[in-house]
Amino acid sequence: MFRSIECGEINLQHINESVTIAGWVHRRRDHGGLIFIDLRDSKGIVQVVINPENGTNLHSTGESLRNEWVVQITGTVQARPSGTINPEMVTGEIEIDAKNITILNQSETTPFYINDDKIEIDELLRLKYRYLDIRRPKMKNALKARHKVVKFIRDYLSDQGFLEIETPILIKSTPEGARDYLVPSRLYPGNFYALPQSPQQLKQLLMVGGIEKYFQIARCFRDEDLRADRQPEHTQLDIEMSFIDQEDILNLIEDLYINIVEQLFPNKNILNPFPRLTYEESMSKYGTDKPDLRFDLSLIDFSEIASKTELKVFKSTLEQNGIIKGFTVPGGASLSRKKIDSLTEFTISKGAKGLITIAIIDNETNNSTDLEMSNFKSNISKFLTLEQLVNISNRANAQKGDLIVMVAGTKKTTNASLSALRNKIGTELSLADPNMLAFAFVVDFPLFDFNEDENRWDATHHPFTMPKEEFQDSIENDPGSVIANCYDLVCNGEELASGSIRNHNFELQSKIFNVLGYSDDQIDLRFGQLVNALKYGAPPHGGIAPGIDRLLMLLTDSNNIRDVIAFPKTQNGIDPLFESPGPVDTEQLDELNIILKDTQELKEN
RNA sequence: GGCCCCGUGGUGUAGCGGUUUAACAUACUGGCCUGUCAAGCCAGAGAUCGCCGGUUCAAAUCCGGUCGGGGUCGCCA
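Worth saying up front: this structure is predicted, and the values here are computed from it rather than measured. Per chain, the residues get numbers from 1 upward, laid out in the order the sequence is written. All chains are assigned letters beginning at A, and all ligands numbers beginning at 1, according to the order in which they are written. This being a predicted model, a pLDDT of at least 70 is required before a residue's local features are given, and a value of 80 or more before pairs of side-chain atoms are given or counted; all residues contribute to the totals for chains, interfaces and linings. Calculated side-chain values reflect all of the structure's heavy atoms, with hydrogen atoms and water omitted.

(A) Examining the overall build of chain A more closely. What chain A contains, in helices and strands, is 17 helices and 24 strands. In terms of overall dimensions, chain A has a C-alpha envelope of 90 × 80 × 55 Å along the principal axes. Only protein chains enter the calculation, and the probe is 1.4 Å; a residue is then buried if its accessible area is under 20% of its type maximum, exposed if over 50%, and partly exposed in between. Residues counted as buried form 47% of the 605 residues belonging to chain A. Between two residues, a contact is recorded if the distance between any of their heavy atoms is within 4.5 Å. Long-range contacts, defined here as pairs at least 24 residues apart, represent 68% of the contacts in chain A between residues at least 6 apart. On chain A, roughly 31000 Å² of surface is accessible, and the fraction owed to carbon and sulfur atoms is 49%. A gap of 4 Å separates the mean positions of the 64 positive and 89 negative side-chain charges of chain A. Comment: elements are numbered from the N terminus, with helices defined as DSSP H or I runs of at least four residues and strands as E runs of at least two. A 1.4 Å probe and the Shrake-Rupley method give the accessible areas. Residues count as covered only by the protein chains that appear here. Within this scheme the basic residues Lys and Arg register as positive and the acidic residues Asp and Glu register as negative, but His and the chain ends are omitted. To locate a charge, take NZ of a lysine, CZ of an arginine, CG of an aspartate or CD of a glutamate.

Written out as structure tokens, the structure reads:
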């Protein structure tokens with residue numbers, strides 16, 4: 001027996017018991033006589049006292065100990081003398097009177113503090129020594145939380161009759177959407193496997209296979225540029241069900257997520273039930289399909305009022321089919337000139353041409369509720385009449401002391417920049433309750449998206465999404481108008497899940513492929529297996545795929561995805577611990593029939 | 001590929017043209033110390049300031065390039 005109990009579990013009930021514990025030296029306090037060791041294992045920390053009266057050898061071993069050495073200690077649990085109880089520690093009422101210490105392993109001085117995670121360490125260093133980083137409470141807690149969530153999901157779905165089924169990691173490249181990671185085939189020179197971007201087609205094939213309720217904690221691979229919330233391999237809860245409609249899936253996810261939060265993260269608040277808004281509503285009210293609903297600041301369309309002014313910006317925007325939108329920042333009139341400038345700069349960086357601001361000053365010269373010219377401080381006030389300014393503030397529902405911000409431009413950039421500005425202001429004015437998880441469903445996405453660059457229709461979600469029944473006749477003659485049985489789960493401005501009801505009918509699926517401009521050969525090459533399967537009694541089915549990493553980010557208050565992944569990659573796709581990707585032996589390449597381009601040439605490209 | 005921010009002892013920061021032999025905290029090494037818990041006190045070692053080039057009498061400090069990290073736009077069905 002290596003140990004009889006774990007450090008964090010010892011309490012007053014164990015007084016006078018002899019225990020053997022093992023762990024890492026978290027901290028050492030050497031008083032010359034008494035030596036205190038805080039010993040840490042995965043369950044917690046306990047104080048060990050090394051008393052010189054218990055033997056010279058024991059004491060000199062105690063003196064030699066250093067942080068992060070691994071030791072096994074046998075001793076007696078005793079109550080701490082009065083006045084020395086540490087209320088900050090879970091085990092602060094007791095300590096271990098050491099009788100024997102065995103050094104199991106020594107440690108070099110670690111490259112960063114293990115026993116203090118208040119100091120932010122350079123992330124590259126943390127990743128290079130990830131095994132040490134994981135010893136720190138923040139990472140350990142994130143990984144524990146992750147385990148709990150995944151276990152909860154497995155139990156929950158399993159109880160409801162879902163089967164967890166693994167799908168291959170080596171599949172075929174279906175060049176569309178994200179860039180595939182490729183794996184060369186040894187047995188078939190010149191041919192490649194691809195790592196799945198998601199098990200999409202496989203889970204639909206499982207439905208044709210009669211599984212009816214499938215899930216998987218699935219790894220998904222996409223060779224695209226990374227962000228704070230994106231990794232080249234991320235984990236999805238992949239779900240697919242047969243004989244269900246959209247409501248069944250939304251209800252399932254809503255209930256699952258409410259239970260995860262309520263049972264595992266009771267300090268978090270949620271909106272119950274989850275608000276549902278259509279894509280159209282979300283875009284018009286928040287300028288995005290993944291709104292942060294922890295605060296209001298909803299967008300207002302000023303195009304109508306703007307059309308009645310002589311302001312050049314407004315006129316030219318409207319002439320070019322653009323829009324004028326904005327929102328009211330409560331109390332924003334007191335923001336400094338410098339602050340306003342930085343918000344303007346931010347908005348421009350998100351694609352806007354500029355930012356119009358109208359502050360409604362609460363001045364002493366005008367005590368009445370009626371506003372006069374002196375109440376308006378704005379970069380456009382000299383181009384507008386008092387009546388127009390009052391109309392705008394009425395439309396914006398703005399009071400004295402508030403600030404109205406506006407952007408004029410194309411629908412796309414106006415919404416995008418205002419949405420980003422809304423999030424920024426929400427954060428900076430602390431409008432969002434940090435313990436709130438504002439889950440919401442966004443539904444009724446368009447089926448197709450016009451790709452201006454390539455002058456063709458793209459699938460908004462993916463090509464297997466089913467259009468709503470009432471739009472099925474317009475698929476070919478008015479693709480842009482077609483609304484899909486497609487839905488997202490969003491939370492605090494993050495997209496957490498995406499799903500749809502799929503086409504189980506071969507003819508309908510073919511029509512959609514036609515609109516997307518696929519030739520029969522392309523359909524056969526990329527989707528042949530799925531399209532064929534639809535011909536053999538495919539049941540009505542649909543599903544959803546929530547991102548596990550992003551959910552964990554929100555649940556653990558992490559601000560990037562790497563903090564909830566044990567061994568993540570940097571923004572450039574590097575693993576600093578393994579130094580991957582790395583070169584391979586010529587023999588390995590030979591077996592794969594691969595010849596590298598000249599290294600000089602590789603560098604230049 | 002574009003834009004923005006960052007790079008100074010092991011770690012986290014300060015210094016932002018000239019008494020700086022680059023400062024502080026902490027970690028580290030040694031000594032003292034029997035009730036600490038971020039133990040304390042004393043002493044010591046440790047960075048040519050990511051790299052290259054330029055401006056200057058003088059560069060950690062200014063400029064250009066480059067490498068690395070982060071954020072973001074493009075991209076991510």
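(B) Representation of unusual backbone geometry within the structure. With an omega of 0°, the peptide bond between N272 and P273 qualifies as cis. Residue position: P273 is located in the loop between β11 (269–270) and β12 (276–278). Omega for the bond connecting S580 with P581 falls within 30 degrees of zero, at 0°, which places this linkage in the cis form. Within the secondary structure layout, P581 lies in the loop between α15 (548–555) and α16 (586–591).

(C) Geometry of the protein's contact with RNA strand B. Nearness is defined per residue: one heavy atom within 4 Å of the molecule or strand is enough. Taken together, 52 residues form the shell around RNA strand B, and within it R27, T84, E95, H461 and N572 come nearest. For RNA strand B, the fraction of protein-proximal atoms (within 4 Å) that sit in sugar or phosphate groups is 52%. Counting of polar contacts relies on pairs of N or O atoms within 3.5 Å, with two restrictions inside protein: one atom must be capable of donating a hydrogen and the other of accepting it, and residues adjacent in sequence are counted only when both atoms are side-chain atoms. Contacts to RNA strand B include G33, whose backbone N or O atom sits 3.4 Å from a phosphate oxygen.

(D) Quick look at the pattern of salt bridges. Between Lys or Arg on one side and Asp or Glu on the other, a salt bridge is scored when a side-chain nitrogen of the former is within 4 Å of a carboxyl oxygen of the latter. Counting across every chain of the model gives 38 salt bridges. In this structure, the salt-bridge partner of K203 is E240, at a minimum N-O distance of 3.4 Å. In this pair, K203 sits in helix α5 (residues 200–208) while E240 sits in strand β10 (residues 233–242), placing the two residues 37 residues apart along the sequence. Comparing K203 with E240 shows no difference in burial state: the two are buried. Bridged by salt links that share partners, the residues R126, R130, D133, R136, K138 and D563 form one connected network.

(E) Examining helix α4 (residues 137–159) more closely. One less than the residue count of a helix, multiplied by 1.5 Å, gives the span that helix is expected to have. The end-to-end C-alpha distance of α4 is 32 Å, a good match for the 33 Å that 23 residues give at a rise of 1.5 Å each. Here α4 has its buried residues at M139, K140, A142, A145, R146, V149, V150, F152, I153, Y156 and L157. Where α4 is buried, its residues meet α2 (123–128), α3 (130–133), β9 (213–221), β10, α6 (246–264) and α15.

(F) A look at the nonpolar core. Core analysis: the biggest nonpolar cluster contains 74 residues, and I153, L157, L237, I239, Y257, F439 and L489 have the highest contact counts within it. The element that contributes the greatest number of residues to this core is α6, accounting for nine residues. Those residues within four positions of I239 in sequence are excluded, and the remaining contacts are L157, F162, K203, Y214, F215, L252, I253, R502, G543 and I544. Among the buried residues, those of types Ala, Val, Leu, Ile, Met, Phe, Trp, Tyr and Cys that are joined through side-chain atoms within 4.5 Å form a nonpolar core. Counting residues in each nonpolar core, the second largest holds 22 residues, with I21, L39, I73 and I101 among its members.

(G) Examining the side chain of T167 more closely. Structurally, the position occupied by T167 is in the loop between β6 (163–164) and β7 (182–184). Assessed through its relative accessible area of 14%, T167 is described here as buried. Those residues within four positions of T167 in sequence are excluded, and the remaining contacts are P199, L202, L206, Y214 and Q216.

(H) Spatial organisation of the pairing of strand β23 (residues 494–501). Taking burial as the measure, the eight residues of β23 include seven buried ones, the bulk of the element. The pairing criterion is simple: DSSP has to find at least two bridges between the two strands. Bridge count for strand β22 (residues 486–491) against β23 is six bridges, and the pairing is antiparallel. From the neighbouring strand, C491 faces β23, where its bridge partner is E494. Linking β22 to β23, which pair antiparallel, is a turn of two residues; within it N492 sits at a positive phi near 50°. Where β23 meets strand β24 (residues 541–546), five bridges bridge the pair, whose relative direction is antiparallel. The residue bridging I501 from the neighbouring strand is G542, located in β24.

(I) Summary view of the environment of P266. Tracing the chain through its elements places P266 in the loop between α6 and β11. Here P266 falls in the exposed class, since its relative accessible area comes to 62%. Put simply, P266 and F513 are 247 residues apart on the chain and 46 Å apart in space, counted from C-alpha to C-alpha.

(J) Layout of the packing of aromatic side chains. Aromatic rings from Phe, Tyr and Trp, taking only the six-membered ring of Trp, are treated as a pair when their centres fall within 6.5 Å; an angle between ring planes under 30 degrees marks them as stacked, one over 60 as edge-to-face, and anything in between as tilted. Enumeration over the complete set of coordinates arrives at 13 aromatic pairs. With centroids separated by 5.7 Å and ring planes inclined at 75°, the aromatic side chains of F513 and Y518 adopt a geometry described as edge-to-face. The buried category is assigned to Y518, whose relative accessible area is 11%. A network of ring pairs unites the aromatic residues Y257, F274, F439 and F441 as a single cluster. One residue, K424, lies across the ring of F346, its end atom 4.6 Å from the ring centre. By definition here, charges over rings are those cases where NZ of Lys or CZ of Arg is within 6 Å of the ring centre and within 35 degrees of the ring normal.

(K) Molecular detail of the sheet that holds strand β15 (residues 356–360). Reading across from one edge, β13-β14-β17-β15-β16 is the order of the five strands in this open sheet, with antiparallel pairing throughout. Looking at which strands have only one partner, the edges of the open sheet turn out to be β13 (300–301) and β16 (376–378). Two strands pair when backbone bridges link them, and β13 and strand β14 (residues 323–329) are joined in this way by two bridges, in the antiparallel orientation. Each bridged residue has a counterpart across the sheet, and for D301 the counterpart in β14 is K325. Strands β13, β15, β16 and β17 (403–409) of the sheet are contacted by helix α11 (residues 386–395), whose axis makes an angle of about 90° with β16. Axis lines are fitted through C-alpha atoms, for helices just across the contact stretch, and the angle between N-to-C directions can take any value from 0 to 180 degrees.

(L) A look at the sheet that holds β22. Within the open sheet, the eight strands sit side by side as β6-β9-β10-β24-β23-β22-β19-β12. Their pairing is mixed. Of all the strands in the sheet, the pair left with one neighbour each is β6 and β12. Where β6 lies against β9, two bridges are found, and the strand directions are parallel. Each residue of the ladder has a partner; that of L163, found in β9, is Y214. Seen against the sheet, α6 touches β10, β12, β19 (439–443), β22, β23 and β24 and runs at an angle of roughly 165° to β19. Strand contacts of helix α7 (residues 279–286): β12 and β19, with the helix running at about 90° to β12, the strand carrying the most contacts.

(M) Region of the structure containing the environment of L555. Mapped onto the elements of the fold, L555 is located in helix α15. Exposure remark for L555: the relative accessible area of 4% places this residue in the buried category. Each C-alpha atom, one on L555 and one on V149, is 9.6 Å from the other, the two residues being 406 residues apart in sequence. Those residues within four positions of L555 in sequence are excluded, and the remaining contacts are V149, I260, V261, F265, K268 and L437.

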